[in-house]
Structures are given as C-alpha cells and as structure tokens.
Amino acid sequence: MNRSRWRLPGLLPAPVPPPSPPPDSGPSDLEQPSEEPRGLGAGPVDAHASLPQATAQLTVQRARLDGAGEPVFELVGFCCCGEDLPPTRNGRHGRPPRIALGTLISGESGGESPTRSLNRMRSWSRSKYELLGWIRRIRDRHGDDLRLIIWDDSGFEIPWELLWVDQAGSGGPGAWLGALAVVTRWTTVHAPGGPLPYASADRRGSVAGYVADEMSRDRDLLAAHRLSPTLWELISHLETSGPGPALVYIACHGEYGSTGFDFTLGDLAVGEVDWRTFPRVADGGGLVFVNACHSGRLIDDPEYNDATTRGFAEVFLRSGAAGFLGTAGAVLEDEAHRVAAHLLAGMGEPSGLGVATALRDYRRTIAVTDLPPVADRPRSKELLPFVSAFMYLYFGGPDTTIALYGGGG
Ligand SMILES: [Zn+2]
C-alpha cells in the first residue's frame, strides 16, 4: 500500500524546514525574555518557496511579554505568494482562559450555551485585527483554493476554526474561518527528522478499525472492513509489521485529563500509547480518524515537565500517518455519526476524499452566522451540531486524499 505517490511538495528535493518553530523545540523554550521576533529571516531558507501554491502557514507560539507575567501567544503568518503577517505579540494576544471548546461545551449534559461560546469567539476575534486583515488578504488572493496550515504549539487550545473573520466595516457577511478556508492543524512532532505539515498523500486501501458498542451505528459504515473486537486488539494489530490500512477508524468514548493517564480513549490512555510505534500506520501512511470526545486535544504533561506535547494526534503523526482527525472536546453522538457518514461516504468514491476540503465543505453546510439571543435556550441548543462540526480538527497535509476499497488490511 505504499504505491501512492506523494504529492506536494513533490518538486522539492527534500522537505524544507519551517522557519518556526524548529522541529524539536517545546513551548517552554519559547518563554525566554524578549527575543527578537522570529520571522522568516532566521536563515537562508525561503519559507514561501516551501509552501505549495495557495497555501499559507500560521504558527502560534507561547511567549511572555518582557519576559514576565502571563504568557501570550505570538503569531507568525506567511503565504506562498509573499503576503506576510508581521509577528504579533502584545497584550491583545494573552492566553484566553475561557474559549477552549473542550471545557466550554460538554455535549448534552450541560456546559455553556453554544450561543454564548459563539459570541465569545466573535468578541475575542475582533481584537486580533492584524490577523483578520492578513486572512482577508490571502483569501482575496487565493479564493476558495486557500489552504491555511495552523501550527499551534501554544497549548492554549484556541478554537481557530471558529475565528470570526468579519469584513472590516465593508458591510459584507463575515464567516467562521473553518468555513471560509481549508484549515489544517499541525503540532510539533518530537522526533528526529519528524514529519512536517506540508506534504499531502493519496492513499488507497482498506480500513482497520474499532467501534465501541455505544457507537455501533458506525459499524454499518464500515461493512467488509477489518474491525477489531477491542481497542487493544487494534493497537496490537497496528504494532505488528504488515500491509497498512488507508484509514484507521476508532469510534469510542473519550475522556480528557491533563496527564497521560487521565487522557483516555476507552480503556487506553495516552500514557500507554505515547511510547509505541505502529509499523502498519507507517506502511499505510493514511488517515487516522479517532471519532471520540477530546481525541484531538494535546497535553503538556506536568508529570514529565519535558516541553513535549503529547496526545493521540502526535502519536499517530509520529508513526507515519499522513493525517489525523480528532475532536477538540465533547461531541454529540448523533453529530459524530453524521460526520463519520459524510466523510466515509466520500472515501468510497473512486476519486477518494480530500479530507481537509471535505471538512470545510461540511462546515459550510452546517455553519450558522445569525446568532440567536443567548437567552433563547431552545434556539441556542439547536446550534450544538454546528459547534460540534467545528470541533473536528484535522492535522496533516492539506490535500491528502483517502479512497477505500474492500476488506483485508
Ligand atoms: Zn499566497
């Protein structure tokens, strides 16, 4: 299953390192007093040339103003065409303590009203006007082709897909970033020669998966493919050598915790998979889709204090997956099933599914721009599927496509 060709940036002789962050630097490296802003001028590498056409990159790093006080985030944005965002790091870019969807939204069981969270995102977005201006410029330049890679090592869990891009007083309609452009995520992979977010792959093959009983409807979507009876059986299968699947699909219950043993999928903790490698994932080089609450979140485990971001996304990207799809928080089971049905149906097409583009298109169909009053609780609750859809985070090459056939694998 390694016959698929690597696409962009296939014309380059070798992957060009990103200008920032360096592949193995952790967030705490960045909390040094007042360095010169890291931009594109750190070396001879032409960052723009390393980006495929119509692709921009936004890096988000933790820093401290004047070397003291609360941490802020620093943004560095650049686009294939030379349209750059000046490095931004100031008091308007402090750590936002109340916008992480994983803590605000908690499915049907409670949590904040979706309308309030969406108002928060609009109000928070408003003060990031340099960023909004840059996004408008690159969107104007590249239109619907725009791919935006967000490489966020801040650990602040900012829901970038729900950044509200208004039209700066022009009177035109605004849009949520995740519906406006193809948005992909990246996190620094802590390994020598670790992968970078620019390469996309076309993968064709079968599925290796696990679907827990509470998500059993998803089994109908995967008829004829290999499903493991337990999550541990799937993990053991992926740890052996052999032909790899184009898609690893896991649907189960997920729990978030800030340490490796409190952050779990079913009965599997991050602390139990973080050190493993998965030869079949490497061989398949495809997509790992973990359709579970919190599955795309990342932690900086305080029990290790080693400036190393951990999580299921990082594990599988490090193992050689071309992409990882997970969630930023608690998602409704109905919505989880709907997202899976939409994406898996596209993967059944002969041409395959461009995962990141399909997610953008799905968000467009479900996004709401006219927010009801926060006090209107029934209408607010109707927005949960919309917010759930924007909680799916895709890490990987912007143009990676997955096509599924037959069983086996
Ligand atoms: Zn450009």
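This is a predicted model, so every value here is computed, not measured. (Residues numbered from 1 in each chain as written. Predicted model: local features only at pLDDT ≥ 70, side-chain atom pairs only at ≥ 80, totals over all residues. Heavy atoms only, no water.)

Novice: Sorry, what's going on with the state of the cysteines here?
Specialist: One covalent bond between the sulfur atoms of two cysteine residues makes up a disulfide. Applying the stated criterion across every chain, the model contains 0 disulfides. The thiol sulfur of C252 is not disulfide-bonded, and the nearest other cysteine sulfur, from C293, lies at 9.3 Å. (Disulfide = S-S within 2.5 Å.)

Novice: Can you help me understand the layout of surface pockets in this one?
Specialist: Picture a little ball the size of a water molecule; that probe, rolled over the atoms, points out where space is still empty. In this structure, the largest pocket encloses a volume near 610 Å³. As for the largest pocket, its lining consists of 35 residues, of which G155, F156, E157, I158 and L298 are closest to the centre. Every element with two or more residues in the lining of the largest pocket is listed here: α2 (101-104), β4 (147-152), β7 (182-186), β16 (299-300) and β20 (392-396). Per-element accounting of the lining of the largest pocket gives the leading share, 3 residues, to α2. Of the residues contributing to the lining of the largest pocket, the split by class is 18 nonpolar, 8 polar and 9 charged. (1 Å grid on protein atoms, 1.4 Å probe; cavity = no way out; pocket = protein on both sides within 12 Å on 5 of 7 lines; lining within 4 Å. Points joined across faces, edges and corners; volume = space filled by probe spheres on them. Helix = DSSP H or I, 4+ residues; strand = E, 2+ residues; numbered from the N terminus. Nonpolar A, V, L, I, M, F, W, Y, C, P; charged D, E, K, R; others polar.)

Novice: Before we go on, may I ask you to explain the pairing of strand β9 (residues 207-211) in this structure?
Specialist: Along any regular strand, the residues point their side chains to alternate faces of the sheet. By the criterion of burial, β9 is predominantly enclosed, with 5 of the 5 residues buried. Burial along β9 is two-sided: V207, G209 and V211 facing one way and A208 and Y210 facing the other are all buried. Here β9 runs beside strand β10 (residues 226-227); their pairing, made up of 2 bridges, is parallel. Across the sheet, G209 pairs through a bridge with L227, a residue of β10. (Buried < 20%, exposed > 50% of the residue type's maximum accessible area, 1.4 Å probe, protein only. Pairing = 2+ DSSP bridges.)

Novice: Explanation requested: the pairing of β4 in the structure shown.
Specialist: Judged by how many residues are buried, β4 sits mostly within the fold: 6 of 6 residues are covered. Burial of the side chains of β4 extends over both faces: R147, I149 and W151 are buried on one face and L148, I150 and D152 on the other. Here 6 bridges tie strand β1 (residues 55-64) to β4, and the two strands are oriented parallel to one another. Bridge pairing links A56 to L148 in β4. Taken together, the 5 bridges between β4 and β7 define a ladder with parallel strand orientation. Residue pairing in the sheet places I149 in a bridge with T184 of β7.

Novice: Sorry, what's going on with the sheet that holds strand β21 (residues 401-404) here?
Specialist: By definition, the strands of a sheet pair up through backbone hydrogen bonds, in either a parallel or an antiparallel sense. Read from one edge of the open sheet, 3 strands run β8-β21-β19, paired in mixed fashion. With one partner strand each, in any of the chains shown, β8 (202-205) and β19 (353-354) form the two edges of the open sheet. As judged from the 4 bridges shared by β8 and β21, these two strands associate in the parallel manner. In the strand pairing of β21, R204 is matched with A403. On top of the sheet, helix α10 (residues 333-347) reaches β19 and β21; it is set at about 80 degrees to β21, its chief contact. (Contact = heavy atoms within 4.5 Å. Axes fitted to C-alpha atoms, helices over the stretch in contact; angles between N-to-C directions.)

Novice: Looking at this model, I keep getting lost on the packing of α10 against helix α11 (residues 355-366). Mind explaining?
Specialist: Any two packed helices are characterised by how steeply their axes cross, that is the angle between the axes, and by the distance between the axes. Where α10 contacts α11, the axes come no closer than 11 Å and their chain directions differ by 130 degrees. The orientation of α10 relative to α11 falls into the category oblique. Two packed elements cross with a definite hand, and for α10 against α11 that hand is right-handed. When α10 is examined against α11, the residues E335, R338, V339, H342 and L343 are found in contact with a partner set consisting of A358, Y362 and I366. Split by residue class, the contact of α10 with α11 holds 5 nonpolar, 1 polar and 2 charged. (Parallel < 35°, antiparallel > 145°, perpendicular 65-115°, else oblique. Left-handed = near helix turned anticlockwise from the far one by under 90°.)

Novice: So what exactly am I meant to see when it comes to the coordination of the zinc ion here?
Specialist: Protein-derived ligands of the zinc ion are C79 (SG), C80 (SG), C81 (SG) and H142 (NE2), with the metal-ligand distances lying across 2.0 to 2.7 Å. Considering all 4 donor atoms around the zinc ion, the spread of angles at the metal, 92 to 128 degrees, places the coordination shape in the tetrahedral class. Linear spacing of the donor residues for the zinc ion on their chain is C-C-C-x60-H. One end of the pair, C81, is in the loop between β2 (71-79) and β3 (85-88); the other, H142, is in helix α4 (residues 129-142), with 61 residues separating them in the sequence. Residue H142 is classed as buried on the basis of its relative accessible area of 10%. (Donors = N, O, S within 2.8 Å, 3.2 Å for Na, K, Ca; no water. Tetrahedral: all angles 85-135°; square planar, octahedral: opposite > 155°, others 65-115°.)

Novice: Whenever I open this one, empty space enclosed by the protein confuses me. Can you help?
Specialist: This model, assessed by the stated rule, comprises 1 cavity of 30 Å³ or more. Lining the largest cavity are P245, A246, L247, V248, R280, V281, G284, G285, G286, L287, V288 and A321. Counting only elements with at least two residues in the lining of the largest cavity, the list comes to β11 (247-251), α8 (279-284) and β15 (287-291). Looking at the lining of the largest cavity residue by residue, the classes come out as 8 nonpolar, 3 polar and 1 charged.

Novice: Would you take a moment to explain the packing of aromatic side chains for this structure?
Specialist: For the structure on display, the rule yields 14 aromatic pairs. A connected cluster of aromatic rings, assembled from ring pairs, spans F73, W124, F156 and W160. The ring of Y256 is capped by R297, whose NZ or CZ atom sits 3.5 Å from the centre of that ring. The cationic tip of R363 hangs over the ring face of F390; the distance from NZ or CZ to the ring centre is 5.7 Å. (Phe/Tyr/Trp six-rings, centres within 6.5 Å; stacked < 30°, edge-to-face > 60°. Lys NZ or Arg CZ within 6 Å of the ring centre and 35° of its normal.)

Just distances and angles here, no functional claims.
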